[in-house]
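Architecture at a glance
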Amino acid sequence: MTAYVSNESPGRQNVTRKPFGIRQLRAARAKGEQLTMLTCYDASFAAVSCEAGVDMLLVGDSLGMVVQGHTSTLPVSLEDIRYHTACVARAAPSSMIIADMPFASYQVSPEQAFQNAAVLMQAGAQMVKLEGGAWLAPTVAFLTQRGIPVCAHLGLTPQSVHTLGGYMVQGRGAAGDALISDAKQLEQAGAEIVLVELIPSPLAARLTASLTAPTIGIGAGPDVTGQVLVVYDILNVTPGRKARFVKNYLALTGDIQAAISLFVSEVKSGAYPGPEHGFES
Ligand code: KIV
C-alpha cells in the first residue's frame, strides 16, 4: 500500500508554495482574488490538497456525517475535532488550517469558547469557525483580542438543524437583511472570514458588497470572494442525492490530485460555481 508521505520525506520537498496565512488572506481580499477552501480530515488528503494549492483546509464538523456516519453534526466532540486537526496540521505546511468548533463548545460564554478554541489552536489550527449570528459578536471579540482568528458561519448553520427544521436555503425575504446585519456585527467584532452556506446568490452578492472581510460560500453562488466544498462531495464519495451546488471533479479528471487541482483552478478563474449551482431569492 502506498502510504501518506510526511513533510520531512524527500517526496514532500518540492512543496515550494508560500504558506497561506492571515496576511495572504487579507491581501487576496484586497486584490479581489478568489479564495479556495476544502474540508479535510486526515493527513493524506491534507498533503494532496496542500500540494494542489488549496488556500484553506477546514476541519469541519461535517466529519460527524462523512467520517463517523452520524445523521447530523451534533454528536461531534471537541476531542474529535482536536484529533483530526492535528492529523491535518502535520501534513499541510502551506494551507491555512481552520478548525470547526463543535456543538456545545462555544455557546455558553466567551470564556468557554476561548478555552476550547485554545485546544484546537494548540493542535495546529490557525483559525476557528463558529456558527451563529450577532449574539456571537462578544465571543468573536473575546477570541480575536486574545490571538484567535475567527471565521463566522451564517446562513444554513447545521448545528441548529433542529431549530431550523432541516437543511434548506436560508435568508430569503426579510431574513436576508437580518443576515447582512449579523455579518456586519461579526465583522465589526473581528471576524476575519464570513462563511455563508445555502443562501440565495443575490443575497450573497449584497453581503459581499457590504463587507470588507472575505465571504466564502457553499451553495451561495458566484458573487462571494471564495468557495468551500466538502472534499468527499467533489470526489463523489457522498452517497445519496447530490446537492445542487456540488460538482463531481473526480468524474472530470479520474484522479484525486487532478480533481482537487481542477477545483482550485475553476474557483480561481470563476468557472465554478456556474449559475446552475446557485439559488434564487
Ligand atoms: O463542517 C463543514 O464541513 C462545514 C462546511 C460545510 C462549510 O461547515
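Okay, so let's go over this structure. Just so we're clear, the structure is a prediction, and the values are computed from it rather than from any experiment. (Residues numbered from 1 in each chain as written. Predicted model: local features only at pLDDT ≥ 70, side-chain atom pairs only at ≥ 80, totals over all residues. Heavy atoms only, no water.)

**Re the overall build of the protein chain**
Put simply, the rule is: Numbering goes from the N terminus for both helices and strands, where a helix is a DSSP run of H or I of at least four residues and a strand is a run of E of at least two. In this treatment the radius of gyration is a C-alpha quantity, and the globule benchmark scales as 2.2 Å times the residue count to the 0.38 power. Throughout, exposure labels follow a simple rule: accessible area from a 1.4 Å probe, protein chains only, divided by the maximum for the residue type, with under 20% read as buried, over 50% as exposed, and the rest as partly exposed. We call two residues contacting when some pair of their heavy atoms lies within 4.5 Å. Note on areas: Shrake-Rupley, 1.4 Å probe, and residue coverage restricted to the protein chains presented here.
Within the protein chain, the regular secondary structure consists of twelve helices and eight strands. The C-alpha radius of gyration computed for the protein chain amounts to 17 Å, which stays within 12% of the reference 19 Å derived for 281 residues, consistent with globular compactness. Dimensions along the principal axes, computed over C-alpha positions, put the protein chain at roughly 55 × 40 × 40 Å. Buried residues in the protein chain amount to 55% of all 281 residues. Within the protein chain, contacts between residues separated by at least 24 positions form 65% of all contacts whose residues are at least 6 apart in sequence. A total accessible area of about 11,800 Å² is found for the protein chain, and carbon and sulfur atoms account for 55% of it.

**Overview of the site of the ligand**
Convention followed: Only heavy atoms are used to decide nearness, and a residue is near a molecule or strand if one of them lies within 4 Å of it. Any pair of N or O atoms that falls within 3.5 Å is considered a polar contact. Within protein, one atom must be able to donate a hydrogen and the other to accept it, and sequence-neighbouring residues count only if both atoms are side-chain atoms. The classification used treats Ala, Val, Leu, Ile, Met, Phe, Trp, Tyr, Cys and Pro as nonpolar, Asp, Glu, Lys and Arg as charged, and all other residues, Gly among them, as polar.
Looking at the ligand, the residues that line it are T39, L58, G60, D61, S62, D100, K129, H153, L195, E197 and I218. For the ligand, an oxygen atom lies 3.0 Å from a polar atom in the side chain of D61. Here S62 contributes a side-chain N or O atom positioned 2.5 Å from an oxygen atom of the ligand. Surface burial for the ligand is 95%, taken as the share of its 260 Å² of free accessible area covered by protein chains. Partitioned by chemical class, the residues of the shell around the ligand number three nonpolar, four polar and four charged.

**A closer look at the environment of L203**
Examined against the element boundaries, L203 turns out to sit in helix α9 (residues 201-210). Taking relative accessible area as the criterion, L203 reaches 4% and is therefore assigned buried. Considering only alpha carbons, one finds L203 and I180, 23 residues apart in sequence, at a separation of 8.5 Å. Here L203 is in contact with G171, G176, L179 and I180, once residues within four sequence places are set aside.

**A look at the sheet that holds strand β8 (residues 226-229)**
So the rule is basically this: DSSP calls a pair of strands paired once it identifies at least 2 bridges connecting them. For helices, the axis comes from a line fit to the C-alpha atoms of the stretch in contact; other axes are also lines fit to C-alpha atoms, and the angle between any two N-to-C directions lies between 0 and 180 degrees.
Within the closed barrel, the eight strands sit side by side as β1-β2-β3-β4-β5-β6-β7-β8. Their pairing is parallel. Shown here is a sheet whose adjacent strand axes are inclined to one another by a mean of 25 degrees, direction ignored. Taken together, the two bridges between strand β7 (residues 215-218) and β8 define a ladder with parallel strand orientation. Within the sheet, the bridge partner assigned to I216 lies in β8 and is G226.

**Observations regarding the side chain of E131**
Condition: Here the positive residues are Lys and Arg and the negative ones are Asp and Glu; neither His nor the chain ends is included. Salt bridges, as used here, are contacts in which a Lys or Arg side-chain nitrogen is within 4 Å of a carboxyl oxygen on Asp or Glu.
Structurally, E131 is set in strand β4 (residues 127-131). For the buried E131, which has no salt bridge, the nearest side chain bearing the opposite charge is K129, at an N-O separation of 4.4 Å. Here the side chain of E131 touches Q159 through a polar contact of 2.8 Å, landing on its backbone nitrogen. The contacts of E131, once residues within four sequence positions are left out, are D61, Y106, L136, H153, T157, P158, Q159 and S160.

**Describing the pairing of strand β3 (residues 96-100)**
Defined as follows: Orienting the strands away from the viewer, one traces the path from the first strand over the helix to the second; a clockwise path indicates a right-handed crossover.
Counting buried positions along β3 yields five of five residues, so the element is predominantly enclosed. Examined bridge by bridge, strand β2 (residues 56-59) and β3 share four bridges and lie parallel to one another. By the bridge assignment for β3, V59 is matched with A99. Here β3 pairs with β4 via three bridges, running parallel. Residue pairing in the sheet places D100 in a bridge with K129 of β4. In this region the chain leaves β3, passes through helix α5 (residues 110-122) and returns to the parallel neighbour β4; the handedness of that crossover is right-handed.

**Re the pairing of strand β5 (residues 150-155)**
Most of β5 is tucked away: six of the six residues are buried. Neither face of β5 is open: one carries V150, A152 and L154, the other C151, H153 and G155, and all of them are buried. Following the backbone out of β4, through helix α6 (residues 137-145) and into the adjacent parallel β5, one traces a crossover that is right-handed. As judged from the five bridges shared by β5 and strand β6 (residues 193-197), these two strands associate in the parallel manner. Each bridged residue has a counterpart across the sheet, and for A152 the counterpart in β6 is V194.

**Quick notes on the side chain of E266**
Looking at the secondary structure, you find E266 in helix α12 (residues 256-269). In this structure E266 touches K247, Y249, A271 and Y272, once residues within four positions along its chain are discounted.

**Some details on the packing of aromatic side chains**
What counts here: Each aromatic pair joins two rings of Phe, Tyr and Trp (for Trp, the six-membered one) with centres within 6.5 Å, and gets the label stacked for planes under 30 degrees apart, edge-to-face for over 60, and tilted for any other angle.
This structure, assessed with the given rule, holds six aromatic pairs. Ring centres of Y41 and Y232 lie 5.6 Å apart, and the angle between their planes is 70 degrees; this geometry places the pair in the edge-to-face category. One end of the pair, Y41, is in the loop between β1 (35-39) and α2 (43-51); the other, Y232, is in helix α10 (residues 231-234), and 191 residues separate them in sequence. Given a relative accessible area of 15%, Y232 falls into the buried group. Considering the side-chain rings of F114 and F142, the 6.4 Å spacing of their centres and the 75 degrees angle between planes classify their relative orientation as edge-to-face. One end of the pair, F114, is in helix α5; the other, F142, is in helix α6, with 28 residues separating them in the sequence. Residue F142 is classed as buried on the basis of its relative accessible area of 17%.

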